[in-house]
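So you can see what is in the structure, the chains are spelled out below.
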Amino acid sequence: MNASQTDSILTGQTESHLSPVSESKARLHQAVVIPLENLRKKAHRAGFELEVVSGFRSFEAQVAIWNAKASGQRAVLDARGKVLDISQLSPRELVYSILHWSALPGASRHHWGTDLDVIDRLSVPPGYSVQLTEAEVRPGGMFGALHDWLDRHMHEEGFFRPYQRDMGGVQPERWHLSHSPTAQPLFKAHNPALLEAAIAGSALTLKDEILAELPEIFDRFFLRISDAPRV
Ligand SMILES: [Zn+2]
């Protein structure tokens, strides 16, 4: 893989490295498909139906999410999950509020296809729409048993949780897994200059405020992850 292809993967601007995932509409990095299939089989034998509800997401898709939140078309939640009145926030406060739950386009691990959000399809009641909330994934929650099992077994196939704990950036997201051997080289290759170039050329709302805060954002919301195993 050459440097410009890596740069395009890092910022979600290519799909050439992706493969389909069984029993899911999501696509993932081709190197993640077999480890995931192995994990799904083990989970199945343990009584779970591990389903990927979100995998690769492009730069443009992340821009659409960001702009919908920045313009008030989509709810912005505080760190505890309560809806914020964004008319009361300064532009800078709005940027940091969105970042609690949504990655900055160009800095989302979902761009790489190495990261995925998972559920146990078997434990979803009929008619229930999955939210991906703390209540669903905590011990005793709808997906708690799957995640307790993943705590014990995901490492066997190279997966870990980059958002396991509150590190002062992205909120804990127990549903979000990452394939360490594929993701870690990308994590190490990413840098603020590459992110700045992607954002400067985009139609992102609050772009000037974001560019002014970029070193801080890169540190808090990209670099601070938990529990990355050595590869
Ligand atoms: Zn995720």
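Scroll up to find the structure this text is about.
These numbers come from a predicted model, not from an experiment.

A. Here's a closer look at the overall build of the chain. Looking only at helices and strands, the chain has 10 helices and six strands in total. In summary, the chain has a C-alpha radius of gyration of 17 Å against a globular reference of 17 Å for 231 residues, a match within 12%. Here the C-alpha coordinates of the chain stretch approximately 50 × 45 × 30 Å along the principal axes. Across the chain, every contact between residues at least 6 apart in sequence was considered, and the portion connecting residues at least 24 apart equals 69%.

B. Region of the structure containing the sheet that holds strand β6 (residues 176-179). An order of β3-β4-β6-β5 is seen for the four strands of this open sheet, with the pairing classed as antiparallel. Either end of the sheet is taken by a strand with one partner, and the two such strands are β3 (50-54) and β5 (159-160). Here three bridges tie strand β4 (residues 115-120) to β6, and the two strands are oriented antiparallel to one another. Paired with D117 across the two strands is H176, which belongs to β6. Across the sheet, helix α7 (residues 180-189) is in contact with β4, β5 and β6; its angle to β6 comes to roughly 85°.

C. Focus on helix α3 (residues 59-70). With 12 residues, α3 should reach 16 Å at 1.5 Å per residue; the first-to-last C-alpha distance of 16 Å fits that figure. Listed in full, the buried residues belonging to α3 are F59, Q62, V63, W66, K69 and A70. For α3, the arc enclosing every buried residue in end-on projection is 130°, short of the 170-degree limit, so these residues lie on one face. In this fold, the buried residues of α3 make contact with α4 (91-99) and α8 (192-200).

D. Inspection of α8 at higher detail. Regarding α8, the residues found buried are L195, A198 and I199. Seen end-on, α8 carries its buried residues on one side only, within an arc spanning 95°. Away from its buried face by more than 90 degrees, α8 exposes A193 and A200. Where the residues of α8 are buried, they touch α3, α9 (207-212) and α10 (214-223).

E. Fine view of the environment of A26. Relative to the assigned elements, A26 resides in the loop between β1 (18-20) and β2 (27-29). Here A26 falls in the buried class, since 21 other C-beta atoms lie within 10 Å of it. For the pair A26 and V52, spaced 26 residues apart in sequence, the C-alpha separation works out to 6.7 Å. Once residues lying within four places of it in the same chain are set aside, the contact partners of A26 are V21, V52, S54, G55, F56 and L116.

About the criteria used
- Residues numbered from 1 in each chain as written.
- Predicted model: local features only at pLDDT ≥ 70, side-chain atom pairs only at ≥ 80, totals over all residues.
- Helix = DSSP H or I, 4+ residues; strand = E, 2+ residues; numbered from the N terminus.
- Rg over C-alpha atoms; globule rule 2.2 N^0.38 Å.
- Contact = placed C-beta atoms within 7 Å.
- Pairing = 2+ DSSP bridges.
- Axes fitted to C-alpha atoms, helices over the stretch in contact; angles between N-to-C directions.
- Expected span 1.5 Å × (residues − 1).
- Buried ≥ 20, exposed ≤ 12 C-beta atoms within 10 Å, placed from the backbone.
- Arc of directions from axis to C-beta.

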